[in-house]
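Summary of the model geometry
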Amino acid sequence: MTQLPQTTDKKLGLVIDLDTCVGCHACVISCKGWNTENYGAPLSDMDAYGAEPSGTFLNRVHSFEVQPDTGGCAQTVHFPKSCLHCEDAPCVTVCPTGASYKRSEDGIVLVNEDDCIGCGLCAWSCPYGARELDQTAGVMKKCTLCIDRIYNENLPEVDRVPSCVRTCPAGARHFGDFADPDSNVSKLTAERGGMDLMPEQGTKPVNKYLPPRPKDTLEEVDASAPILTPVSDTPKGFLGWLDKALEAL
Amino acid sequence: MHPAPSVIFFTVFSGLGFGFLAWLGVGIPAPQGWVAFPYYFVAFAMAVGGLIASTFHLGNPKNAIKAFSQWRTSWLSREAVMSVLTLAVMGLFAAANIFLNMPIAILGIIGAVLALITVYTTSMMYAQLKTVPRWNHWTTSLLFILLALGGGAILAADSLGTILFVGLAGLTQIYVWDAGDKRFAKRGHTMETATGLGGIGKVRMYEPPHSGTNYLLSEMVYVIARKHAIKLRIIAFVFAYVTPIVLAIFSSLVFGAYIIALVAHIAGLLAQRWLFFAEAEHVVGLYYDKR
């Protein structure tokens, strides 16, 4: 049903740490790998070995430069982007067939490929570019939060997280339940000021982004000063004799 | 947004077809018997042809029947339901006129109202999208409805209707173009809000996520050939609005005035609808520093 649930028991989602992400794209590759080999239509590539390759991805890493208002060097920010599993998901309500839905138990937004007509209206309604129409299968593909991993008891417990989170070598991606105030993701969001993307669209994203930490500012100091400052102005004893002897030369 | 020919044909011709059905429903004109057949044939061919064209835009049309199910929330589903309902009611009305010589006025009026509601549901598929600020306004729907009524009046060869509704549509069009040009900036969507990095400073693209293109860019970040937009707006305005109004005023002096008016109107509308999509900027372009 394309009516959004009033509330969801859990709010599963991701925290993405923009301070930590190194832009290696490992999450992009592991996402494509897991989601093409498992449930549903594979994530196809077009002209994969040709001059203009393109393909379906559920997670992409953009890179931005931010010029600080306070001056100084521009900061590079690597910016992974996938479905934010919005509480007020416009992609769900526009769907004419009921293929697009938000689960009331955990808030995950999914597409039932057997019902999808590939009209693309859900992709049009998403501000974040989280949905891509697979050009081979003709059905809409999106992040499932690796629903076939997180509840999969055949996997070791350590692997029961989304593929992107499991693979991130920098620890920039965190998975958890935002409905639980004591969860890792809720704590991280509170500590680091986790933010929404394009909040003016009113989608109430579940996924949060942690902004880069403020850069350190060095106080103006003469780096050589502490080394060359005389230890004593009036040396005594042996040093006093040496001082006098050297000056007399 | 990508100006797909299938969607341009769908919106232009289904709009004209349902607009003509609305005029036929209220009895302008009110042909009876077999004479009525070509009138309804044209109206149904345009409305149904447009709807069939829209299915070429689907990636997986075999599930199309399921699109009737989600009318509670989805404007596309409502459009599917309303168009079938309109075609059914107007089909009965047409059959009674053609085969029984019996104009059932109440059925026609219901059909006319349903036809206009159908056009409204079509317009809402676009007007509902907050992600495309240019479309996300009630004047999008107003223009669709006025164009359906104006185009229907041309098909009905009604001079007053043509002058009134094509004229009102033309005025609305000027506002829609002018206000639409400013709405993206007015809504305050920027690369800074898209990335949440505005607190630090000005954001610029460093590297896109991939060297090639993708579905999002080809579908929603269409930036090709917009440089001709002003010329196309003038062409669209002269053909879709000015020409039919002038011809309607002098319809008694020009042989086949409404045929010429219709051809001009359709040519103008195709240009207008191409611009409707090609000029529409989607907010996802902000993540690519492209609009």
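These remarks concern the structure in this document. (Residues numbered from 1 in each chain as written. Chains lettered and ligands numbered in written order. Predicted model: local features only at pLDDT ≥ 70, side-chain atom pairs only at ≥ 80, totals over all residues.)

Turning next to the sheet that holds strand 11 (residues 208-210) of chain A. Across a sheet, strands are paired by hydrogen bonds formed along the backbone, either parallel or antiparallel in direction. Residues and elements named next belong to chain A. Reading across the sheet, the 3 strands line up as 10-1-11 and stay open at both edges, with mixed pairing between neighbours. The open sheet has two edge strands, strand 10 (173-177) and strand 11, and neither has a second partner. Strand-to-strand twist in this sheet, taken as the mean axis angle between neighbours without regard to direction, amounts to 25°. Across 3 bridges, the pairing between strand 1 (residues 12-17) and strand 11 is parallel. (Pairing = 2+ DSSP bridges. Helix = DSSP H or I, 4+ residues; strand = E, 2+ residues; numbered from the N terminus. Axes fitted to C-alpha atoms, helices over the stretch in contact; angles between N-to-C directions.)

A few words now on unusual backbone geometry. Following B:I28, the chain continues into B:P29 via a peptide bond in cis, with omega recorded as -5°. For B:P29, the location among the structural elements is in the loop between helix 1 (5-25) and helix 2 (36-55). The phi dihedral of A:H25 is positive, around 70°, even though this residue is not glycine. Mapping A:H25 onto the fold places it in the loop between strand 1 and helix 1 (26-37). The exposure class assigned to A:H25 is partly exposed, which follows from the 17 C-beta atoms found within 10 Å. (Buried ≥ 20, exposed ≤ 12 C-beta atoms within 10 Å, placed from the backbone.)

With that settled, the discussion passes to the packing of helix 5 (residues 138-155) of chain B against helix 6 (residues 159-187) of chain B. Residue and element names in this part refer to chain B. Axis separation between helix 5 and helix 6 bottoms out at 8 Å; the angle between their running directions is 150°. What the angle tells us is that helix 5 and helix 6 run roughly antiparallel. Here the hand of the crossing between helix 5 and helix 6 comes out left-handed. In contact with T139, T140, L142, L143, L146, L147, L149, G150, A153 and I154 of helix 5, helix 6 contributes G161, T162, F165, V166, L168, A169, T172, Q173, Y175 and V176. Its residues assigned to classes, the contact of helix 5 with helix 6 comprises 13 nonpolar, 7 polar and no charged. (Parallel < 35°, antiparallel > 145°, perpendicular 65-115°, else oblique. Left-handed = near helix turned anticlockwise from the far one by under 90°. Contact = placed C-beta atoms within 7 Å. Nonpolar A, V, L, I, M, F, W, Y, C, P; charged D, E, K, R; others polar.)

A few words now on the environment of A:L249. Looking at the element boundaries, A:L249 is found in the segment after helix 8 (237-248). Along the backbone, A:L249 and A:D115 are 134 residues apart, and their C-alpha atoms lie at a distance of 98 Å.

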